Amino acid sequence: MWNLSASRRTRLEEETAVEKLRLGVIGIGNMGSEHCRLILAGRTPEVELCCVADPRADRRAWAQAELPKTVRVYPDGEALIRARGCDAVLIATPHALHPPLALLALEHGLHVLSEKPAGVSARQVRPVLEAARRSGLTYALMFNQRTNGVYRRLRALVAGGALGEMKRVHWIITDWYRSQRYYDSGSWRATWRGEGGGVLINQCPHQLDLLQWICGMPTAVRAFCHEGKWHDIEVEDDVTAYLEFSNGATGVFVASTGDLPGTNRLEIDGDAGKVVCENDQILFWKLPFGEKSHYRCGPEPYPHPDVLPVAVEPCEGNPQHAGVINAFAAHVLRGEALVADGAEGLNALMLSNAMHLSSWTERVVRLPFDEEAFERLLRQRQLRSRPARQTDVTFETDHSATGRALNP
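Residues numbered from 1 in each chain as written. Predicted model: local features only at pLDDT ≥ 70, side-chain atom pairs only at ≥ 80, totals over all residues. Heavy atoms only, no water.

Caption draft 1: Structural context of the overall build of the protein. Helix and strand counts for the protein stand at 13 helices and 17 strands. For a compact globule of 408 residues, the expected C-alpha radius of gyration is about 22 Å, and the protein comes in at 23 Å, within 12% of that figure. Seen through its C-alpha atoms, the protein measures out along the principal axes to roughly 85 × 65 × 40 Å. Taken over 408 residues, the protein has a buried fraction of 51%. Counting contacts in the protein only where the partners sit at least 6 residues apart, residues at least 24 apart contribute 70% of the total. Of the roughly 19100 Å² of accessible surface on the protein, 51% is carried by carbon and sulfur atoms. The average position of the 46 basic charges and that of the 50 acidic charges among the side chains of the protein differ by 3 Å. (Helix = DSSP H or I, 4+ residues; strand = E, 2+ residues; numbered from the N terminus. Rg over C-alpha atoms; globule rule 2.2 N^0.38 Å. Buried < 20%, exposed > 50% of the residue type's maximum accessible area, 1.4 Å probe, protein only. Contact = heavy atoms within 4.5 Å. Areas by Shrake-Rupley, 256 points an atom, 1.4 Å probe, with all protein chains shown as cover. Lys, Arg positive; Asp, Glu negative; His and termini not counted. Charge placed at Lys NZ, Arg CZ, Asp CG, Glu CD.)

Caption draft 2: Inspection of the confidence of the model for the protein at higher detail. Per-chain confidence: the protein averages 91 in pLDDT, with 90% of residues scoring 70 or above. Every residue in residues 1-16 is under pLDDT 50, and counting partners more than four places away or in other chains gives three contacts. Every residue in residues 399-408 is under pLDDT 50, and counting partners more than four places away or in other chains gives 23 contacts. (pLDDT = per-residue confidence, 0-100.)

Caption draft 3: Representation of the pattern of salt bridges within the structure. In the structure shown here, the tally under the stated rule is 20 salt bridges. For Arg 37, the salt bridge is made with Glu 34, and the minimal N-O distance between the two is 2.7 Å. Of the two residues, Arg 37 and Glu 34 both sit in helix α2 (residues 30-40), three residues apart, roughly one turn of that helix. Look at Glu 34 and you get buried, because its relative accessible area is 17%. Residues Arg 366 and Glu 244 are paired through a salt bridge, measuring 3.7 Å at the closest nitrogen-oxygen approach. Of the two residues, Arg 366 is situated in strand β15 (residues 365-366) and Glu 244 in strand β9 (residues 236-244); the sequence distance between them amounts to 122 residues. By relative accessible area, Arg 366 is classed as exposed at 53%. What makes Glu 244 partly exposed here is its relative accessible area of 26%. Among the ionic contacts, a cluster of salt bridges with common partners joins Glu 46, Arg 334 and Glu 336. (Salt bridge = Lys/Arg side-chain N within 4 Å of Asp/Glu carboxyl O.)

Caption draft 4: How the structure looks around the packing of α2 against helix α11 (residues 320-334). Between α2 and α11, the least distance of the axes is 11 Å, while the angle of their chain directions is 75°. When the axes of α2 and α11 are compared, the pair comes out roughly perpendicular. Here α2 contributes Met 31, His 35 and Leu 38 to the contact with α11, which in turn contributes His 321, Ala 322 and Ile 325. Considering only residue class, the contact of α2 with α11 consists of four nonpolar, two polar and no charged. (Axes fitted to C-alpha atoms, helices over the stretch in contact; angles between N-to-C directions. Parallel < 35°, antiparallel > 145°, perpendicular 65-115°, else oblique. Nonpolar A, V, L, I, M, F, W, Y, C, P; charged D, E, K, R; others polar.)

Caption draft 5: A look at the nonpolar core. Val 89, Tyr 139, Phe 253, Ile 268 and Met 355 are the most contacted members of the largest nonpolar core, which has 87 residues in total. When residues of this core are assigned to their parent elements, the largest contribution, nine residues, is made by helix α12 (residues 342-361). In this view, Val 89 contacts Leu 23, Gly 24, Ile 26, Leu 80, Ile 81, Ala 105, Leu 110, His 111, Val 112 and Leu 113; residues no more than four positions away in its chain are not counted. Judged by nonpolar contacts, the second largest core, of 27 residues, contains Leu 21, Leu 23, Leu 90 and Phe 328. (Core = buried A, V, L, I, M, F, W, Y, C linked by side-chain atoms within 4.5 Å.)

Caption draft 6: Region of the structure containing the sheet that holds strand β4 (residues 88-91). Taken in spatial order, the six strands of this open sheet run β3-β2-β1-β4-β5-β6, and their pairing is parallel. On the outer flanks of this sheet lie β3 (72-74) and β6 (139-141), each paired with one strand and no other. Taken over all neighbouring pairs, the strand axes of this sheet differ in orientation by 25° on average, direction set aside. In the sheet, strand β2 (residues 47-53) pairs with β3 via three bridges, with the strands oriented parallel. In the sheet register, Ala 53 faces β3, and the bridge partner there is Tyr 74. (Pairing = 2+ DSSP bridges.)

Caption draft 7: Spotlight on the packing of aromatic side chains. In total, this model carries six aromatic pairs according to the counting rule given. Relative to Trp 171, the ring of Tyr 151 lies with its centre 6.0 Å away and its plane at 40°, an arrangement referred to as tilted. Of the two residues, Tyr 151 is situated in helix α7 (residues 149-159) and Trp 171 in strand β7 (residues 166-173); the sequence distance between them amounts to 20 residues. Consider the rings of Tyr 182 and Tyr 183, whose centres lie 5.1 Å apart with planes at 75°: the pair is edge-to-face. The exposure classification of Tyr 182 matches that of Tyr 183, with both residues buried. Aromatic rings pair up to connect Tyr 151, Trp 171 and Phe 253 into one cluster. Over the ring of Phe 224 we find Arg 222, and its NZ or CZ is 4.2 Å from the ring centre. The ring of Trp 285 carries Lys 274 above its face, with NZ or CZ at 4.6 Å from the centroid. (Phe/Tyr/Trp six-rings, centres within 6.5 Å; stacked < 30°, edge-to-face > 60°. Lys NZ or Arg CZ within 6 Å of the ring centre and 35° of its normal.)

What follows is the structure, given as structure tokens:
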């Protein structure tokens, strides 16, 4: 049998080894612990989990018991960043901490992948974008729904002109049902001081991002945000918003955590037909002629073309969080495309902020909006914020709306 010497075998292994991005995870609650499991399960082959941080002693105890001994554990994100024992950080803390930790990491030469939302206010995120631009480091957002083949196909249909010029978009997204136990599970949840909002800032950043990613950024909103309508919380759990776009198209966005069973239905109407996405299926009604060019000025007073829906196959794949992390690593290591960079991630937050501002001021808000006015009104609510709950429970999310408590 032919055998390589130990030294030569080691040298060959080093030459053929996959270059890895050394990643630190800041915040190992619900999402952070899931990211750790995903990485350790081998679903991100170019990423090595090398350190984690959390100010809660029970979560550090979990890390020391469940993670490999090679993974260093730090008492907080600042300590992890200043140790510089990694190449990049994944930030999965409460929302308000996303921008300051991202900024600190960039200032210490680390790439950043932040959980959604980018922050609580758009104004808070702008220094992070400037730091990333100045340093040349990567700043990306965890918008994993962009990896869903259904939404990638919808975006391709709209961008490719299959619907013609967009006229209307309706999205009802009420399948985010949450019980009171969910809201009582964290000291920061559902408070203006701890979370900075409710369904818009917690559950809906993905849909707000997808809305602008597929349809373009609205130019004006008029929103009605009902606070504590279905739960004993101080932030909004029921939202209805009217949207306007630059080409004259309009839209309605409805979100709630109080509907059971809920609905997730997205309809986009255009000059050439309409598309409906529901239950992970895409149906397309294609008009034989353009509405504006043929039917609007045609001889028939009541045109009713015989159009049947056609099922459209989604794009292949739905890697979710693993897809975002893999793209992040590939971008840092080889310059490949990100799923969502920080500048794009700001759009969803701007839309959320504009909806809050519209509801608080009871008027139409045009984008770009007065970010200083939004922060001033948010601070007023934070000063009146109720004392935070004292319980902190970490759930296993595992792709479902429910979760099993890890430390009830």
